Amino acid sequence: PASLYAQNVHGETPAYIASSQGNNACLVALRDYAAARGACCRSCASCSLSQPNMDGATLVFVACAKGQAETVKLLLQQPPPAFGEDDERGCTALDDPSNNDNGFGMDPSRPDNDGTTPAWIAAATGSLECLKLIYGAGGDISFPDAMACQTPLEAALSSGHSSCAEFIQQCQ
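Structure report, in brief. (Residues numbered from 1 in each chain as written. Predicted model: local features only at pLDDT ≥ 70, side-chain atom pairs only at ≥ 80, totals over all residues. Heavy atoms only, no water.)

1. Quick notes on the environment of Ala 29
Here's step 1: You can see Ala 29 is positioned in helix α2 (residues 24-36).
Here's step 2: Residue classification places Ala 29 among the partly exposed residues on the basis of a relative accessible area of 44%.
Here's step 3: For the pair formed by Ala 29 and Ala 15, sequence separation is 14 residues and the distance between their alpha carbons is 9.8 Å. (Helix = DSSP H or I, 4+ residues; strand = E, 2+ residues; numbered from the N terminus. Buried < 20%, exposed > 50% of the residue type's maximum accessible area, 1.4 Å probe, protein only.)

2. A short note on helix α8 (residues 162-171)
Here's step 1: Every buried residue of α8 is listed here: Cys 164, Ala 165, Phe 167 and Ile 168. For α8, the angular spread of buried residues about the axis comes to 160°, placing them on one side.
Here's step 2: On its buried side, α8 packs onto α5 (118-125), α6 (128-136) and α7 (152-158). (Arc of directions from axis to C-beta. Contact = heavy atoms within 4.5 Å.)

3. Observations concerning the pattern of salt bridges
Here's step 1: Considering all chains together, one arrives at two salt bridges under this definition.
Here's step 2: Measuring nitrogen to oxygen at the nearest pair gives 2.8 Å for the salt bridge that ties Asp 32 to Arg 31.
Here's step 3: Judged by its relative accessible area of 0%, Arg 31 falls in the buried class.
Here's step 4: Between Lys 132 and Glu 129 there is a salt bridge; the shortest N-O distance is 3.8 Å. Here Lys 132 pairs with Glu 129, and both are found in helix α6, just three residues apart, close to one helical turn.
Here's step 5: Classification of Glu 129 by relative accessible area gives partly exposed; the value is 45%. (Salt bridge = Lys/Arg side-chain N within 4 Å of Asp/Glu carboxyl O.)

4. What to know about the side chain of Thr 116
Here's step 1: Examined against the element boundaries, Thr 116 turns out to sit in the loop between α4 (69-76) and α5.
Here's step 2: A polar atom in the side chain of Thr 116 sits 2.2 Å from the side chain of Asp 145.
Here's step 3: In contact with Thr 116, not counting residues within four places along its chain, are Phe 61, Arg 110, Pro 111, Ile 121 and Asp 145. (Polar contact = N/O pair within 3.5 Å; in protein donor to acceptor, adjacent residues only side chain to side chain.)

5. Thoughts on α4
Here's step 1: Most of α4 is tucked away: six of the eight residues are buried.
Here's step 2: Buried within α4 are the following residues: Ala 69, Thr 71, Val 72, Leu 74, Leu 75 and Leu 76.
Here's step 3: Looking at the buried residues of α4, the elements they touch are α1 (14-21), α2, α3 (59-65) and α6.

6. Digging into the nonpolar core
Here's step 1: Among the nonpolar cores identified, the biggest contains 40 residues, and Leu 27, Cys 64, Leu 75 and Leu 131 are the most heavily contacted of them.
Here's step 2: Elements supplying a minimum of two residues to this core: α1, α2, α3, α4, α5, α6, α7 and α8. (Core = buried A, V, L, I, M, F, W, Y, C linked by side-chain atoms within 4.5 Å.)

7. Comments concerning the packing of α6 against α8
Here's step 1: In contact at an axis separation of 9 Å, α6 and α8 are set at 20° when each is read in the N-to-C sense. Considering the angle they form, α6 stands roughly parallel to α8. As α6 runs across α8, the sense of the crossing is right-handed. Of the residues in α8, those in contact with Leu 128, Leu 131, Lys 132 and Tyr 135 of α6 are Ser 163, Cys 164, Phe 167, Ile 168 and Cys 171.
Here's step 2: Here the residues of the contact of α6 with α8 are counted per class, giving seven nonpolar, one polar and one charged. (Axes fitted to C-alpha atoms, helices over the stretch in contact; angles between N-to-C directions. Parallel < 35°, antiparallel > 145°, perpendicular 65-115°, else oblique. Left-handed = near helix turned anticlockwise from the far one by under 90°. Nonpolar A, V, L, I, M, F, W, Y, C, P; charged D, E, K, R; others polar.)

8. Describing the packing of α1 against α2
Here's step 1: One can describe the packing of α1 onto α2 by two numbers: an axis separation of 8 Å at closest approach and a directional angle of 155°. If you check the angle between α1 and α2, you find them roughly antiparallel. In terms of crossing hand, the pair formed by α1 and α2 is left-handed. From α1, Pro 14, Ala 15, Ala 18 and Ser 19 reach across to α2, where they touch Cys 26, Leu 27 and Leu 30.
Here's step 2: For the contact of α1 with α2, the per-class residue count stands at six nonpolar, one polar and no charged.

This is the structure:
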């Protein structure tokens, strides 16, 4: 499992690279591989597989920065039950490997070390679908960025992403 957490010179793990490329199958495979070996609990909000990189960026942040909406959706969805743990139907992950609750259950609002949130990066890069997913998962879409001293709305407006700005205004 050590290779699961190996970082390249930019501090990127295999999970970060998969998130930035929108490779959901790889993310799930990495998570399940770690879980099967006891290195991950499948509730990846607290698992070392999904801890922030050296800049404090989470997998959600990285996926938003690249406009990978399907990956953001996967990362924000609730995870499957842990191995040996019953879900609401009384099934364990081993009983029902086709369980569609395949998400990671990650925090939609966790900022990086500079105070930049996934919502801010999604607004600044024009990733409307990512912004909608963050909001739908209960994420804060109004928290200002500490470095730029801008809210996501201001970032969207200053970057010319009117659809993101309109969405944020509708949500306020």
